[in-house]
Structures are given as C-alpha cells and as structure tokens.
Amino acid sequence: MEYRAGLLFYDLEWTGNEMLQIGAVCMGERFERTILTKLDIHPKVTASILLQTRLGPGLQGSGLTRQVYDCLREIFLPSCQLVDALQQFLAWIKAIKAISGQVTLVSHGSVDIPVLYQSFALHNMEAEFLETCTHFVNFQNYLKEHFVGVPVGLPDLVKLFCSDVSYRLHCAGDDARATQDVFFKLHSKKIVWDSNTELVVTDKIKFGPQFAHVKRVRLNFITYDQGGKEMRFLSSKINPQLTPKLVDNMGDWLSILSTLPLFEKVDPPPCHMFEACGWVTRHHLVECDGDEMTKTIVELLCCLGKVYFKVKLYPDSKSTFMKRKLLLNTGFTIPSGTPVTARLQLKAGQEIRVMYIKEGVDREKSLEEVLAKLVDCGDHQVLDAITDGQGVKS
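These notes cover the structure that comes with them.

What counts, and where the lines are drawn
- Starting afresh in each chain, residues are numbered from 1 along the sequence in its written order.
- Where local features are concerned, this predicted model is filtered to residues with pLDDT of at least 70; where side-chain atom pairs are given and counted, the filter is 80 or more; whole-chain, interface and lining totals use all residues.
- With hydrogens and water stripped out, all remaining heavy atoms of the structure feed into the side-chain values.
- By definition, any uninterrupted DSSP run of H or I lasting at least four residues is a helix, any uninterrupted run of E lasting at least two residues is a strand, and each is numbered from the N terminus.
- Whether two residues are in contact is decided by their heavy atoms: any pair within 4.5 Å suffices.
- What sets the accessible areas is the Shrake-Rupley method with a 1.4 Å probe; for residues, cover comes only from the shown protein chains.
- For the purpose of charge, His is not counted, nor are the chain termini; Lys and Arg are scored as positive and Asp and Glu as negative.
- Lysine's charge is taken at NZ, arginine's at CZ, aspartate's at CG and glutamate's at CD.
- Nonpolar cores are built from buried Ala, Val, Leu, Ile, Met, Phe, Trp, Tyr and Cys residues. Side-chain atoms within 4.5 Å join them into one set.
- Burial classes: relative accessible area under 20% of the type maximum marks a residue as buried, over 50% as exposed, and values in between as partly exposed (1.4 Å probe, protein chains only).
- Any two strands between which DSSP finds at least two bridges are classified as paired.
- A fitted line through C-alpha atoms represents every axis, and for helices the fit uses only the stretch in contact; the resulting angles, taken between N-to-C directions, go from 0 to 180 degrees.
- The rule is simple: put a 1 Å grid over the protein atoms alone, call a set of points where a 1.4 Å probe fits but cannot get out a cavity, call an open set with protein on both sides within 12 Å along at least five of seven lines a pocket, and count a residue as lining if it has an atom within 4 Å of a point.
- Grid points are joined across faces, edges and corners, and a volume is the space filled by probe spheres set on the points.
- Residue type decides the class: Asp, Glu, Lys and Arg count as charged, Ala, Val, Leu, Ile, Met, Phe, Trp, Tyr, Cys and Pro as nonpolar, and the leftover types, Gly among them, as polar.

1. Observations concerning the overall build of the protein chain
Across its full length, the protein chain carries 12 helices and 19 strands. Projected onto the principal axes, the alpha-carbon positions of the protein chain cover approximately 75 × 60 × 45 Å. The contacts of the protein chain with a sequence gap of at least 6 include a subset with a gap of at least 24, amounting to 62%. As displayed, the protein chain has an accessible area near 20300 Å², and 51% of this comes from carbon and sulfur atoms. Across the protein chain, the centroid of the 44 positively charged side chains sits 2 Å from that of the 46 negatively charged ones.

2. What to know about the nonpolar core
Of all hydrophobic cores here, the largest spans 69 residues; its most connected members are Leu8, Phe89, Leu116, Phe129, Trp253, Leu300 and Ile357. The greatest single-element share of this core, amounting to 8 residues, is contributed by helix H2 (residues 82–100). Residue contacts for Phe89: discarding those within four places in its chain leaves Leu8, Ile22, Ala24, Phe31, Leu116 and Phe120. Of all hydrophobic cores here, the second largest spans 24 residues; its members include Tyr142, Val158, Val182 and Trp193.

3. Structural notes on the sheet that holds strand S9 (residues 135–138)
The mixed open sheet is built from 5 strands, whose spatial order is S4-S3-S2-S8-S9. Only two strands of the sheet have a single neighbouring strand rather than two, namely strand S4 (29–34) and S9. The mean inter-strand angle of the sheet, taken between neighbouring strand axes irrespective of direction, is 25°. On the sheet, helix H3 (residues 112–122) packs against strand S2 (7–15), strand S3 (18–26), strand S8 (104–107) and S9 and is oriented at approximately 80° with respect to S2.

4. Section: unusual backbone geometry
Here the phi dihedral of Met27 falls at roughly 55°; this positive angle occurs in a residue that is not glycine. Note on placement: Met27 falls in the loop between S3 and S4. On the basis of relative accessibility, which here comes to 57%, the residue Met27 falls in the exposed class. Its identity is not glycine, yet His170 carries a phi of approximately 70°, on the positive side. Considering the arrangement of structural elements, one finds His170 in the loop between helix H6 (154–161) and helix H7 (172–189).

5. A few points about the sheet that holds strand S7 (residues 75–77)
Reading across the sheet, the 3 strands line up as S5-S6-S7 and stay open at both edges, with antiparallel pairing between neighbours. Sheet topology places strand S5 (51–57) and S7 at the edges, where each strand pairs with a single neighbour. Pairs of neighbouring strands in the sheet enclose a mean axial angle of 60°, with direction left out of account. Here strand S6 (residues 64–70) pairs with S7 via 3 bridges, running antiparallel. Within S7, the residue paired with Val68 across the bridge is Leu77.

6. Concerning empty space enclosed by the protein
The final tally for this structure, using the stated rule, is 1 cavity of 30 Å³ or more. By volume, the largest cavity is sized at about 40 Å³. Lining the largest cavity are Ser110, Val111, Pro114, Leu219, Asn220 and Phe221. Taken together, the residues of the lining of the largest cavity break down into 4 nonpolar, 2 polar and no charged.

7. A look at the layout of surface pockets
Considering only enclosed or pocket space, the largest pocket measures out at about 920 Å³ in volume. For the largest pocket, the lining is made up of 36 residues, of which Gly16, Asn17, Glu18, Gln118 and Asp225 are closest to its centre. Only S3, H2, H3, strand S11 (222–224), helix H9 (229–238), strand S13 (271–287) and strand S19 (353–359) provide two or more residues apiece to the lining of the largest pocket. Looking at the lining of the largest pocket, the element that brings in the most residues is H3, giving 6 residues. When its residues are assigned to classes, the lining of the largest pocket shows 16 nonpolar, 11 polar and 9 charged. A volume near 490 Å³ is recorded for the second largest pocket. If you go around the second largest pocket, you meet 23 residues; those closest to its centre are Met250, Lys310, Val311, Glu351 and Ile352. Those elements giving two or more residues to the lining of the second largest pocket turn out to be helix H10 (253–257), strand S14 (294–304), strand S15 (307–313), strand S18 (339–347) and helix H12 (380–387). Per-class residue counts for the lining of the second largest pocket are 12 nonpolar, 5 polar and 6 charged.

As structure tokens, then:
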C-alpha cells in the first residue's frame, strides 16, 4: 500500500467570523497556532472548546493584557495575530511541498476550506496559498465512497478505531491528529479493495501504480464577510464605473461569485450567503392572491459599495427586529429609513432571500440622501417603485 505524498490533515476552530486555532499534521510533523481574536471568544464557543478570552499578566510586568485562556488546563495559551499564524502556516505547507513535490489538504468536512481561504484573502495571501495547495479532499466524502457503512463523525471514528489514544476533540491540533490516525488505521484494517483511491495505491500489482483521479470538493455553502474582498469583487463586476447605481436584476450574481479564485480548486456551492447594510423602505401588509388573508412584507434598499438593490423580507411568527415581532398584527411597524443589516441568501434559479434583518449601524447617508443621489444618476422609474406610498422624499 502506497500513500500519496504530502498528505496534510488540518482542522480549524473559529469564533464569529474570526479564526481562533489552526491545527495540522503531516505524518510526524505538526503545526499548531492559537490566535488572539479581535473580539472576545463567544460564550457558546467557549462552552464547546473550553477556550476563553481573559485578562492575564503581560510579559515582564507589563500589566494585564487580553489573552486566550484554556479552561480545561487552567493556563493562558501562547497566542499570535492572525497574519502571523497564516504566514507561518503557509511557510510550513511550502516546506512540505518542497520535500513531497505536492501537498493535499485533507479536512474532516468542507466547512474549513472557505474559512481558511478567506482568512488568507483578508491579508492578500490567497493567491499564494492556492498556488501552494495541489488538492483539497473532504475526508467525510472519502469515507462514504471507500468505507461504506463507517460513521463519518470524528468522535465515533475515534471510538471505533483509535480508542487506545487520548484526544482533546474540538481542539484544532488534536482534531487534525485524530483525523490522520483514523485515516491510517482504516486503511491498515481494510483487506478487500476494488480499486486504487485518490490518496492510496491499494494494490500496485492488481490495479497499477497510479492513484485515482482526485475528485474536486464541492462546498455545501459559503458565507462572505460584509465588506470583504469577495463582496468588493462582486460589486466591482456589477458596477465597474464605481458610481451609485440601482440594480434591478441580480440573476448573474451567482455566476460572478463562482469565478472567485477559490473555485479554481473546489467547486462552488449551491448556496452563497452574505450580509449587506441598507434601509427599510416599507413595512406593510399585502393581500394574498385568491383569499382574504394578508401577509407582512418588509421592503429594503440594500447596498454593496455603490451598488444598490431592492429585496423583500417575508417574516414569519418567529421573525424579530430589535426584539419586536415583525408580523404587523403585533402593532409594531419599522419606520421607513431605519438602517438595518440584512442576512441574504443566493441560490441558483431563485430570487435573493432575506433570511433576517438586524439593527444596522448609523449610515453616513440617510435613505433620503441615497434616493436623491440615485435620482441624480438617472434611476427615476425604478425609484418610483421604492418611494410609492411611503412618504419618502426623493
């Protein structure tokens, strides 16, 4: 049995949209970094991975500083800035590639792939990262294909195949080590093979010396940070003139996002999610076709840079804004012009879906000022639909 050279098993932990830990192993080599995030670790994350942001003693009596505290071991962990961790991780990957001639990043699932890519993109290192990586492999999909009937959850795999080894699961370094150990244990136990795999030549005499073709990972979903590089890319493609523009057709947005560099290595997902700031233009009731029922609609004007677009939220009984129910039978109406942040979802063949809205930061420009600016740019007819019946002056 021959294993593909440069197999690198890795795992990430994060809080909010910030990476917290990087853990990776390649045979006997290990890489682990804990990152001091800009925001404190979320309590729900602390409950899962037992890491917490606390004030601790600084170096050489420099007073209390923000640090990462390990609640299990009751110690403060050495930590670094994200950019330093990424630079060191990329250097480590390059060193592996220099020896092996290739490097295949294996993750337990596909969620970590866009998180890692976007972290590199945040510091303009994504091109170098993608160039260094030969392949990405989703270990869960690999298991489903070559080890039918074996559970795909890492805790279950560890119990079945590595019960004699102690791991601290939900710690990036140990999750990566456990994934690698399970990988090798599974292959050592299986006797009957019907082909080589993309990672292992199982029988050179029977199936030849070539590895199977590496199947491209398809992401299940991807989330883009508000104001991030991907959203700026989308905005520039929609509106290369960089002047205020109201867009009425968002049908090509999915195809634009699918040209991002990441999707040269992995297949784009069916679902893209992002946040956009904007304003409520109207919160009202409409009659449903064919019956006497009415439904609540919250109409929004959102923006990506200088690209403006209209979307609608159709709230249900659980939908809230500022802790108030959005259905109009509660007597609460959001005033026109209220700034919001909308969570949006893009799927092929569907209109942009507003998943929810939350309180937005005060914008430099009010809704009235934006509408006036768009009118100056010639978008009169479309704006009529926004301002009709709302009392918004344009």
